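What follows is each chain in one-letter form.
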Amino acid sequence: DVKVTQSSRYLVKRTGEKVFLECVQDMDHENMFWYRQDPGLGLRLIYFSYDVKMKEKGDIPEGYSVSREKKERFSLILESASTNQTSMYLCASIAGGSGGSYEQYFGPGTRLTVT
Amino acid sequence: GESVGLHLPTLSVQEGDNSIINCAYSNSASDYFIWYKQESGKGPQFIIDIRSNMDKRQGQRVTVLLNKTVKHLSLQIAATQPGDSAVYFCAEGGRGAQKLVFGQGTRLTINP
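Everything numeric here is computed off the predicted structure, so don't read it as measured data.

1. Considerations on the packing of aromatic side chains
So, step 1. Scanning the entire structure with this criterion turns up 9 aromatic pairs over all chains.
So, step 2. Arranged with centres 5.3 Å apart and planes meeting at 85°, the rings of Y35 of chain A and F102 of chain B form a pair that is edge-to-face. With Y35 of chain A in strand β4 (residues 31–38) and F102 of chain B in strand β9 (residues 100–102), this pair bridges two chains.
So, step 3. Note on Y35 of chain A: relative accessible area 0%, which makes it buried.
So, step 4. For F102 of chain B, a relative accessible area of 11% gives the class buried.
So, step 5. Here the aromatic rings of F106 of chain A and Y36 of chain B are separated by 5.3 Å at their centres, their planes lie at 90°, and the arrangement is edge-to-face. Note that F106 of chain A is positioned in strand β10 (residues 105–106) and Y36 of chain B in strand β3 (residues 32–38), a pairing that runs across two chains.
So, step 6. Through pairs of rings, three or more aromatic residues link up here, namely F33, Y35, F48 and F106 of chain A together with Y36 and F102 of chain B.

Put into structure tokens, the structure is as follows:
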């Protein structure tokens, strides 16, 4: 079974703090993704990475950065947390290459509250 | 019962009835479509997928229908059970790419 784990299920941070959200997958997947999920807006892509040290902006990258130093780990960084970043954050991964399934495997999510 | 996806984000059906959840996708070049189920407090889970060269695919109690002419996707759930209560998302992806675009989601509630 593919497993995607996220470092925290719930997190409360203060405005201006630097926040790290960690994601680890155990299936040697090349591609990893960070989404945020808000009521009525569905899943929105923040950043994704298709290889170690590679990253691409998604639809809403502002206020976020990412790090992929190892294949299995993809970190989302909020440089200076703001209240509008209060959300559910979901990490996903998928094997690389075309022709196969594009099923993304999701972690359980981290509910971040910024006060 | 039937929803129209983005315009009716909630759907209530009686236990044992069939459910149809609809989704209008945006990109006529999309090659791959997938349905996810998300239960409260959990990440999305894969249900079923379909490629653009097909118009129907069946799984266990679920069927996905694809109408490329009107860019419409539907998920049919047969004999709904209480465990089917969740939010259902459709997603579309381009040819050869792993990046997906997700719909808003539809909340399905099963009434006893």
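There is more to say, and it comes next.
2. Thoughts on the environment of N53 of chain B
Residue and element names in this part refer to chain B.
So, step 1. Relative to the elements of secondary structure, N53 occurs in the loop between β4 (45–51) and β5 (56–58).
So, step 2. For N53, a relative accessible area of 65% corresponds to the exposed category.
So, step 3. Counting along the chain gives 40 residues from N53 to V13, while the straight-line C-alpha distance between them is 31 Å.

3. Overview of the interface of chain B and chain A
So, step 1. Listed as interface residues are 22 residues of chain B and, on the opposing side, 26 residues of chain A.
So, step 2. Interface area, chain B with chain A, both sides summed: about 1,700 Å², of which 55% is carbon and sulfur.
So, step 3. Three residues, Q98, K99 and F102 of chain B, lead the burial of chain B against chain A; their summed loss comes to 33% of the area buried on that side.
So, step 4. At the boundary of chain B with chain A, the tally comes to 0 salt bridges.
So, step 5. The interface formed by chain B and chain A holds 3 residue pairs in polar contact (both at pLDDT 80 or more) in total.
So, step 6. Those elements that provide at least two residues to the side of chain B that touches chain A are β3, β4 and β9 of chain B.
So, step 7. Among the elements that make up the side of chain B that touches chain A, the one with the highest residue count is β3 of chain B (4 residues).
So, step 8. Counted by class, the side of chain B that touches chain A contains 9 nonpolar, 8 polar and 5 charged residues.

4. Here's the deal with the sheet that holds strand β7 (residues 72–77) of chain B
Residues and elements named next belong to chain B.
So, step 1. Here 4 strands make up an open sheet; going across it, the order is β2-β7-β6-β5 and the pairing antiparallel. Looking at which strands have only one partner, the edges of the open sheet turn out to be β2 (19–24) and β5. Taking each pair of neighbouring strands and ignoring which way they run, the sheet shows an average axis angle of 15°.
So, step 2. The sheet contact formed by β2 and β7 spans 6 bridges and is antiparallel. Within β7, the residue paired with A24 across the bridge is H72.

About the criteria used
- Residues numbered from 1 in each chain as written.
- Chains lettered and ligands numbered in written order.
- Predicted model: local features only at pLDDT ≥ 70, side-chain atom pairs only at ≥ 80, totals over all residues.
- Heavy atoms only, no water.
- Phe/Tyr/Trp six-rings, centres within 6.5 Å; stacked < 30°, edge-to-face > 60°.
- Helix = DSSP H or I, 4+ residues; strand = E, 2+ residues; numbered from the N terminus.
- Buried < 20%, exposed > 50% of the residue type's maximum accessible area, 1.4 Å probe, protein only.
- Contact = heavy atoms within 4.5 Å.
- Buried area = accessible area lost by both parts, 1.4 Å probe.
- Salt bridge = Lys/Arg side-chain N within 4 Å of Asp/Glu carboxyl O.
- Polar contact = N/O pair within 3.5 Å; in protein donor to acceptor, adjacent residues only side chain to side chain.
- Nonpolar A, V, L, I, M, F, W, Y, C, P; charged D, E, K, R; others polar.
- Pairing = 2+ DSSP bridges.
- Axes fitted to C-alpha atoms, helices over the stretch in contact; angles between N-to-C directions.

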